[in-house]
Amino acid sequence: MKQVLLLLCCMFFFTMSAQKKGKDYSNILKSNNIYEINAFLRDAHPDDPRRSVLKPRVMEMMKEYIKNAHPADQKVKDMQEMLAMLRRRPSTKITFDEMNAIIKQKQIAKYKAELAAKQPTTVYTPSTAQNTYVVNAAANTAIPNAEAEEFNMLMAVSPVEHKNKTVKILNSLFDNDPNAKECIVLIQNKSDCNIIVRMEGVGTTKYRLAVPAQGEGSIVIEKGQYLFTSLVCGAQYASQKTIQRPIMVALGSQ
């Protein structure tokens, strides 16, 4: 019995030590790092007294960052969203359902705008040379020649095809029926390379989605088991996923 108690005590000690090592906030009051303080507010107990000091501090830091940032700084939008959340709640921590709802609303707004404009919001210039790279004119980035032609083909949809795809995606976004046979998959490409994401299901069920560098794309697929693969700036990506509800997959993130 003593051996069991000793073993349990040791396991508890090592668990606590590992947690402390992973997220050590002992000197958080001295921190001037926005992301570190933001992480503390998400992780800390609601009654932690340090919250009353650090929340106003990080909000002021965010305001200063936004005020002094370069007009093209992509972090400004994130800072604005975090600041807006901190004005309404104790931290920027959100549940999976809340995150899913935010993504869903952004996608609805995006595709509604495209339908209203009757064309994609981003225009791509495909490469015609054989031994070259396919270039995303908006971001001036490229993917290896091995997938260049395929990427161009997937991006070069006609206005009618684009409209049909957009309508299908919007219908999926508005559909809350848990018994629906299909759902939407959103791919965020955070890398500096254009990519093709391949989704292989059971039998002959296969999908391909071209996603530009630093961009995103959506596709409606049948629910089920899929192997997701992609070549991200030369690095192989592979992951088995069960698709039963709308999902977001981020590739190329640090």
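Coordinates for the structure precede this section.
This text gives an overview of the structure that appears in the document. (Residues numbered from 1 in each chain as written. Predicted model: local features only at pLDDT ≥ 70, side-chain atom pairs only at ≥ 80, totals over all residues. Heavy atoms only, no water.)

**Comments concerning the packing of aromatic side chains**
Here's step 1: For the structure shown, the criterion picks out two aromatic pairs.
Here's step 2: For the ring pair Tyr207 and Tyr226, a centre distance of 6.0 Å and an interplane angle of 55° mean the geometry is tilted. With Tyr207 in strand β5 (residues 206–211) and Tyr226 in strand β7 (residues 224–232), the pair connects residues that are 19 residues apart, well separated along the chain. You'll find Tyr207 and Tyr226 in the same group, each marked buried. (Phe/Tyr/Trp six-rings, centres within 6.5 Å; stacked < 30°, edge-to-face > 60°. Helix = DSSP H or I, 4+ residues; strand = E, 2+ residues; numbered from the N terminus. Buried < 20%, exposed > 50% of the residue type's maximum accessible area, 1.4 Å probe, protein only.)

**Topic: unusual backbone geometry**
Here's step 1: With phi around 55°, Gln214 is a residue other than glycine that occupies positive phi space.
Here's step 2: Residue placement: Gln214 occurs in the loop between β5 and β6 (215–222).
Here's step 3: Among the residues examined, Gln214 registers a relative accessible area of 43% and is labelled partly exposed.
Here's step 4: Here the phi dihedral of Cys233 falls at roughly 50°; this positive angle occurs in a residue that is not glycine.
Here's step 5: Among the secondary structure elements, Cys233 is positioned in the loop between β7 and β8 (235–243).

**Re the sheet that holds strand β3 (residues 182–189)**
Here's step 1: The sheet built from three strands is open, its strands ordered β6-β3-β9 with mixed pairing. The open sheet has two edge strands with one neighbour each: β6 and β9 (247–251). Averaged over neighbouring strand pairs, the angle between their axes works out to 20° when direction is ignored.
Here's step 2: Across five bridges, β3 lies against β9 in parallel orientation. Across the sheet, the residue bridging to Ile187 is Val249, located in β9. (Pairing = 2+ DSSP bridges. Axes fitted to C-alpha atoms, helices over the stretch in contact; angles between N-to-C directions.)

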